[in-house]
Amino acid sequence: METGGTLERLSDSDLMLRVQWGSEPAFAEVYRRYYRRLLDFFFGMSRDVQMAEDLCHETFLRIWRLRARYSPSGSFAAYVFTVARHVWQEQRRQVFRQPRTLTPFSDDAPGNAFTIPDGHAPDEQACRAEIGEQVFAAIEKLPEEQRMAFVLRTVNGLSLYEIAAVMQCPVNTVRSRRLLAIRRLRELLQGLFVL
């Protein structure tokens, strides 16, 4: 019988091998480890809380359905984000067919790194919220491939090699896209920060 403590000590790949055999507790541990990271990824790409949650759940559903095909080669994070990238691309194709509405920011929104804990002055909280909105608006203006490289590296902390596996392109292309994203963000946020 699998216990939480036993599963917590396993590597991501070993967990996924158990998931292949239908272990729901192992899948729950994969979910626990990657839920927030996927939520932050989808929020960074869409700025829509509800969409981020929906796409996150769709990604885990796909991982479960495709579990028999999993092969423990390369980074497990790259595997998870590759599935997420495919889910995102399918969503983007659907978005072009429908009008888009954004879910407003809230203090508990994924990716909202500009939240100040309670007890700080309201004007300071308002300033942080405004800065956060401007930063996310600037990120949204990036071309999709640059935005994805930037979000995967900056928000999710993936290595350039993992991002190359996710985006199915050479490492130098990832490096270039990320640098172009940073340059563009510097231009867009010129008056806001000293970058």
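For the structure, see preceding data.
Residues numbered from 1 in each chain as written. Predicted model: local features only at pLDDT ≥ 70, side-chain atom pairs only at ≥ 80, totals over all residues. Heavy atoms only, no water.

**Notes on the pattern of salt bridges**
Now for step 1: Counted under the stated rule, the structure contains 11 salt bridges.
Now for step 2: Taking the shortest distance from any N to any O, the salt bridge between Glu140 and Arg47 comes out at 3.3 Å. Within this pair, whereas Glu140 is found in helix H6 (residues 122–140), its partner Arg47 is found in the loop between helix H3 (24–46) and helix H4 (49–65), the two being separated by 93 residues in sequence.
Now for step 3: For Glu187, the salt bridge is made with Arg184, and the minimal N-O distance between the two is 3.1 Å. Of this pair, Glu187 and Arg184 both sit in helix H9 (residues 171–188), separated by 3 residues, roughly a single helical turn.
Now for step 4: According to the relative accessible area criterion, Arg184 is partly exposed, its value standing at 34%.
Now for step 5: Via salt bridges that share partners, Asp12, Glu29, Arg32 and Arg33 belong to a single interconnected network. (Salt bridge = Lys/Arg side-chain N within 4 Å of Asp/Glu carboxyl O. Helix = DSSP H or I, 4+ residues; strand = E, 2+ residues; numbered from the N terminus. Buried < 20%, exposed > 50% of the residue type's maximum accessible area, 1.4 Å probe, protein only.)

**Details of the packing of helix H2 (residues 12–20) against H3**
Now for step 1: The geometry of H2 relative to H3 is characterised by a closest axis approach of 8 Å and an angle of 140° between their N-to-C directions. Between H2 and H3, the angle falls in the class oblique. By crossing handedness, the relation of H2 to H3 is classed as left-handed. On H3, the residues that touch Asp12, Leu15, Arg18 and Val19 of H2 are Ala26, Phe27, Glu29, Val30, Arg33 and Tyr34.
Now for step 2: Of the residues contributing to the contact of H2 with H3, the split by class is 6 nonpolar, no polar and 4 charged. (Axes fitted to C-alpha atoms, helices over the stretch in contact; angles between N-to-C directions. Parallel < 35°, antiparallel > 145°, perpendicular 65-115°, else oblique. Left-handed = near helix turned anticlockwise from the far one by under 90°. Contact = heavy atoms within 4.5 Å. Nonpolar A, V, L, I, M, F, W, Y, C, P; charged D, E, K, R; others polar.)

**Concerning the packing of aromatic side chains**
Now for step 1: Taken as a whole and assessed by the stated rule, the structure comprises 11 aromatic pairs.
Now for step 2: Both rings, one in Tyr70 and one in Phe76, keep their centres 5.8 Å apart while their planes meet at 80°; by these two values the pair is edge-to-face. The same class applies to Tyr70 as to Phe76, namely buried.
Now for step 3: Taken together, Phe27, Tyr31, Tyr35, Phe60 and Trp64 form an aromatic cluster joined through their ring pairs.
Now for step 4: Of note, Arg67 hangs over the ring of Trp64, and the distance from its end group to the ring centre comes to 3.9 Å. (Phe/Tyr/Trp six-rings, centres within 6.5 Å; stacked < 30°, edge-to-face > 60°. Lys NZ or Arg CZ within 6 Å of the ring centre and 35° of its normal.)

**Comments concerning the environment of Met148**
Now for step 1: Looking at the element boundaries, Met148 is found in helix H7 (residues 144–155).
Now for step 2: Residue class for Met148 comes out buried when judged on its relative accessible area of 1%.
Now for step 3: Along the primary structure Met148 and Met167 are separated by 19 residues, whereas in three dimensions their C-alpha atoms are 8.5 Å apart.
Now for step 4: Not counting chain neighbours up to four residues away, the residues in contact with Met148 comprise Phe41, Met45, Arg85, Trp88 and Met167.

**Re the side chain of Thr59**
Now for step 1: Topologically, Thr59 is positioned in helix H4.
Now for step 2: Residue classification places Thr59 among the buried residues on the basis of a relative accessible area of 0%.
Now for step 3: Here Leu55 takes part through its backbone oxygen, which lies 2.8 Å from a polar atom of the side chain of Thr59. (Polar contact = N/O pair within 3.5 Å; in protein donor to acceptor, adjacent residues only side chain to side chain.)

Everything listed here is a matter of geometry and, on its own, says nothing about what the molecule does.
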